[in-house]
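Descriptive structure summary
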Amino acid sequence: MQYRADIDGLRAIAVLPIVLFHLGVTSLSGGFVGVDVFFVISGYLITSLVLNDIDAGRFSFKAFYMKRIRRLGPALLVTLLATLLVGIFILSPSLLEALAESSLAALLSVSNILFWSEAGYFDADAIYKPLLHTWSLGVEEQFYVVWPVLLLLVSHFGRKALGALLLALSVASLIASEMMLNTAPETVFFLAPFRIFEFAFGAGLALFPVRNTGTSFLRSSASVTGLIAILASAFLYTKETRFPGIAALVPCVGAALIIWAGPAGWMNKRLTLAPLVYIGRISYSLYLVHWPVVVNYAYLYQMPENPTEVIGLIVFVLALASVMYFAVEQPFRKKRQVAAKATFRVGNRAVVFSLMAASATLVSTAVFVDQKDGLQDWLPAEMIAFEETLRLKKKHVEKPFDRGPVILQT
């Protein structure tokens, strides 16, 4: 599949509102829609990759999932381990115990189910959950498990059959989302079946590519309209917006228009500017590291309340994401030429072994922390007493919610 720099630029447009939203920037009260843009991008890229391999007769579940593991696993595990380690030193026992449980859920790609079972996304306690943002990764990874299987099964009947399946699933998903928003908003927000229609926008573009149709003016108009739709929802939506459901169509359609417009679209050309492409490339690491940083900062010092704090945190998470991208993501994805064939520098066995070792370390640490009730016996009496004052601290941390939502969509 040919690389598109404009899609990396679109990733930047998706992740930056999320980061600013979580930092309490009031003008971006709907920054959580960046996650929905990511879902559209994932639907497009994953469907394109799988269909290309199916059409070429080379699709392999092993190869597909190894690519996903290389792409997602190393950075996620480093984030989980680092967040748990930091939590051991700064969090109160009850919060540390909850962090240990969410670490295991994130490792198993079910953190969206865990957080759904606990409370809403915009509630005050969200600021005490360093791994809350991994709920979106759970949704994506559940999509990666199911969608390739359906594509392979239905592809024997042709693209029209795939299109019919996708349309039926997406319509059912959208209707169910809209109908249940009033009675079960947390269910709609966190669980994958109610997000199918978002992935479907991207998947539909991959199933029925139309990049060679449409005038230059039409494509440029689509790209501009798409960006306006994304930014409008990021600036105008709030935690009071009935979301997802019909409201999610605005950023999703916007993302789909930009992808459809292609590299020749007027706005797509602007999305290939070097700073945007760079942020797009580190967007996964940026998404992973930014929320634990925000939570720990808020826990220690309160939410940032002035531009200097916000700018400082932005610079810090960008630097941290850059280190993660080059030191953790890239080594597992780099290739080399061997006998006119590109192969990964780090072989599959080495990848599996290193990730299994990291997973074993995470699991053993998290289980130990959980069994020891958040290491309560290890803490001085002052720290345990601090646990009792946490409610008072919450009243101060909740201030950003009065200014607008500080907690996510990924």
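See the structure printed just above.
The next thing to look at is the nonpolar core. Grouped together as the largest cluster of nonpolar side chains are 107 residues, with contacts concentrated most on L10 and W135. Sequence-distant contacts of L10, that is, excluding residues within four places in its chain, are made with V37, I41, I230, A255, I258, I259 and L271. Core analysis: the second largest hydrophobic core is formed by eleven residues, L28, F32, V33 and A234 among them.

The next thing to look at is the side chain of T47. Relative to the helices and strands, T47 resides in helix α2 (residues 34-55). With relative accessibility at 0%, the residue T47 sits in the buried group. When near neighbours in sequence (up to four residues on either side) are disregarded, T47 contacts S42, W147, L151, A203, A206 and L207.

The geometry of α2 relative to helix α9 (residues 196-207) is characterised by a closest axis approach of 7 Å and an angle of 35° between their N-to-C directions. Here α2 runs over α9; the crossing is right-handed. Counting all contacts with α2, which are made through D36, F39, V40, S42, G43, Y44, T47, S48 and L51, the residues of α9 involved are E198, F199, F201, G202, A203, L205, A206 and L207. Residue composition of the contact of α2 with α9, grouped by class: ten nonpolar, five polar and two charged.

Where α9 meets helix α11 (residues 249-261), the closest approach of the two axes is 10 Å, and the angle between their N-to-C directions is 15°. In terms of orientation, α9 lies roughly parallel with respect to α11. Between α9 and α11 lies a crossing whose hand is right-handed. Contacts from F197, E198, F201 and L205 in α9 reach L249, C252, V253, A256, I259 and W260 in α11. Here the contact of α9 with α11 is composed, by residue class, of nine nonpolar, no polar and one charged.

Conventions used here
- All residue numbers refer to positions counted from 1 along the written sequence of the respective chain.
- In keeping with the model being predicted, local features are shown solely for residues with a pLDDT of at least 70 and side-chain atom pairs are shown and tallied solely at 80 or more, while totals for entire chains, interfaces and linings include all residues.
- Hydrogens and water are ignored here; the side-chain numbers use all heavy atoms of the structure.
- Nonpolar cores are built from buried Ala, Val, Leu, Ile, Met, Phe, Trp, Tyr and Cys residues. Side-chain atoms within 4.5 Å join them into one set.
- Buried residues are those whose accessible area, probed at 1.4 Å on protein chains only, stays under 20% of the maximum for their type, while exposed residues exceed 50% and partly exposed ones sit between those limits.
- Contacts are assigned to residue pairs that have any heavy atoms within 4.5 Å of one another.
- In DSSP terms, a helix is any run of H or I states spanning at least four residues, a strand is any run of E spanning at least two, and both are numbered starting from the N terminus.
- Angular values range over 0 to 180 degrees, each being the angle between N-to-C directions of two axes fitted as lines to C-alpha atoms, with helices fitted over their stretch in contact.
- Crossings are sorted by hand: turned counterclockwise from the far helix by less than a right angle, the near helix makes the crossing left-handed, and turned clockwise it makes it right-handed.
- Following the grouping adopted for this structure description, the nonpolar residues are Ala, Val, Leu, Ile, Met, Phe, Trp, Tyr, Cys and Pro, the charged ones are Asp, Glu, Lys and Arg, and the polar ones are all others, Gly among them.
- Oblique is the label for any angle not under 35 degrees, not over 145, and not in the 65 to 115 range, which are roughly parallel, roughly antiparallel and roughly perpendicular in turn.

Bear in mind that shape data such as this cannot, by itself, settle questions of function.
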